[in-house]
Amino acid sequence: MSGSQIHLTVAAVIPRGENFLCVEELSAGQPVINQPAGHVEAGESLVEAVIRETYEETGWRVVPTWFLGITIYRSPQDGITFYRHSFVCEPLAQALTAPPDPDIQRALWLSFADLQASSTRLRSPMVLQAIVDYRAGRRFPLEIMRDCR
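Predicted model, so just to flag it, every value in this text is computed and none were measured. (Residues numbered from 1 in each chain as written. Predicted model: local features only at pLDDT ≥ 70, side-chain atom pairs only at ≥ 80, totals over all residues. Heavy atoms only, no water.)

Draft legend 1. Local environment of the nonpolar core. Val-13, Ile-33, Leu-68, Leu-110, Leu-115, Ile-131 and Tyr-134 are the most contacted members of the largest nonpolar core, which totals 15 residues. For this core, the secondary structure elements donating two or more residues are strand 3 (19–27), strand 8 (104–111), helix 2 (112–117) and helix 3 (125–135). Per-element accounting of this core gives the leading share, four residues, to helix 3. Excluding residues within four positions of it along the chain, Ile-131 makes contact with Val-13, Phe-20, Gln-35, Phe-112 and Leu-115. In terms of nonpolar packing, the next biggest core, distinct from the first, is built from 14 residues, Ala-12, Val-62, Phe-67 and Trp-109 among them. (Core = buried A, V, L, I, M, F, W, Y, C linked by side-chain atoms within 4.5 Å. Buried < 20%, exposed > 50% of the residue type's maximum accessible area, 1.4 Å probe, protein only. Helix = DSSP H or I, 4+ residues; strand = E, 2+ residues; numbered from the N terminus. Contact = heavy atoms within 4.5 Å.)

Draft legend 2. Spotlight on helix 1 (residues 46–58). With 13 residues, helix 1 should reach 18 Å at 1.5 Å per residue; the first-to-last C-alpha distance of 18 Å fits that figure. What helix 1 keeps buried is the set Leu-46, Ala-49, Val-50, Arg-52, Glu-53, Thr-54, Tyr-55, Glu-57 and Thr-58. Looking at the packing, one finds that the buried side of helix 1 touches strand 1 (6–13), strand 3, strand 5 (37–39), strand 6 (60–74), strand 7 (81–94) and strand 8. Looking at the residues trailing helix 1, positive phi occurs at Gly-59, about 80°. (Expected span 1.5 Å × (residues − 1).)

Draft legend 3. Examining the sheet that holds strand 5 more closely. Strand order in the open sheet made by the four strands is 5-1-7-6, with mixed pairing throughout. Two strands bound the open sheet, and with one partner strand each, they are strand 5 and strand 6. Here the strands of the sheet are splayed against their neighbours by 25° on average, with no regard to which way each runs. Both strand 6 and strand 7 contribute to a ladder of 13 bridges, which runs antiparallel. Bridge pairing in strand 7 links Val-63 to Glu-90. Across the sheet, helix 1 touches strand 1, strand 5, strand 6 and strand 7, and the angle it forms with strand 6 is around 105°. (Pairing = 2+ DSSP bridges. Axes fitted to C-alpha atoms, helices over the stretch in contact; angles between N-to-C directions.)

Draft legend 4. Up close: the side chain of Thr-81. Within the fold, Thr-81 resides in strand 7. When near neighbours in sequence (up to four residues on either side) are disregarded, Thr-81 contacts Gln-5, Ile-6, His-7, Ile-72, Tyr-73 and Arg-74.

Draft legend 5. Representation of the pattern of salt bridges within the structure. One pass over the structure, following the stated rule, counts 10 salt bridges. Among the salt bridges present, the one from Glu-48 reaches Arg-149, with a minimum N-O distance of 3.3 Å. Taken together, the residues span a long stretch of sequence, with Glu-48 in helix 1 and Arg-149 in the segment after helix 3 at a distance of 101 residues. Given a relative accessible area of 39%, Glu-48 falls into the partly exposed group. We note a salt bridge from Arg-52 to Glu-53, for which the minimum N-O separation is 3.0 Å. The class of Arg-52 is buried, set by a relative accessible area of 15%. One network of salt bridges, with partners in common, ties together Glu-41, Glu-44, Arg-52, Glu-53 and Glu-56. (Salt bridge = Lys/Arg side-chain N within 4 Å of Asp/Glu carboxyl O.)

Draft legend 6. View of the packing of aromatic side chains. Tallying each qualifying case throughout the model produces three aromatic pairs. Seen in terms of ring centroids, Phe-20 and Tyr-134 are 5.6 Å apart; in terms of plane orientation they differ by 85°. Their pairing is edge-to-face. Here Phe-20, found in strand 3, pairs with Tyr-134, found in helix 3; they are 114 residues apart in sequence, far enough to count as distant. Phe-20 gets classed as buried once you look at its relative accessible area, which sits at 5%. Centroid distance Trp-60 to Trp-109: 5.6 Å. Interplanar angle 85°. Geometry classified as edge-to-face. With Trp-60 in strand 6 and Trp-109 in strand 8, this pair connects stretches of sequence that are 49 residues apart. Of the two residues examined, Trp-60 and Trp-109, each falls in the buried class. Above the plane of the ring of Trp-109 lies Arg-16, whose end atom (NZ or CZ) is 3.9 Å from the centre. The positively charged end of Arg-135 is found above the aromatic ring belonging to Phe-112, 4.0 Å away from the centroid. (Phe/Tyr/Trp six-rings, centres within 6.5 Å; stacked < 30°, edge-to-face > 60°. Lys NZ or Arg CZ within 6 Å of the ring centre and 35° of its normal.)

Here's what the structure looks like:
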């Protein structure tokens, strides 16, 4: 892949007590830990994308409550630059116990300490950074985004 490629993605930070909903997924054949996250599809808003990705990867229905921010990351493996839009989401109910996304091994609730201890297994530094931002109280209203479709 070309190092000039960019990817527009979303991620969900979903707290429940002291834990956060995460996924164990395969990346280059290796299990890694990530938030529910993925690419924005054509014609889809960022909010629609984070709701869809969370459901597809975890089976959980969520409601985005806050915009956490944008993180830019360039992968050292392939040079792709990711523009990740993270949202704080409230978990409503787990509608499916087996997520439909075949790359997801399982959904799991992890504490901040668990994530720190697993730092070598995180999909990217953006995973821990989103939790750090959340714990620091970073929040922006969803109205910061405009949909002019």
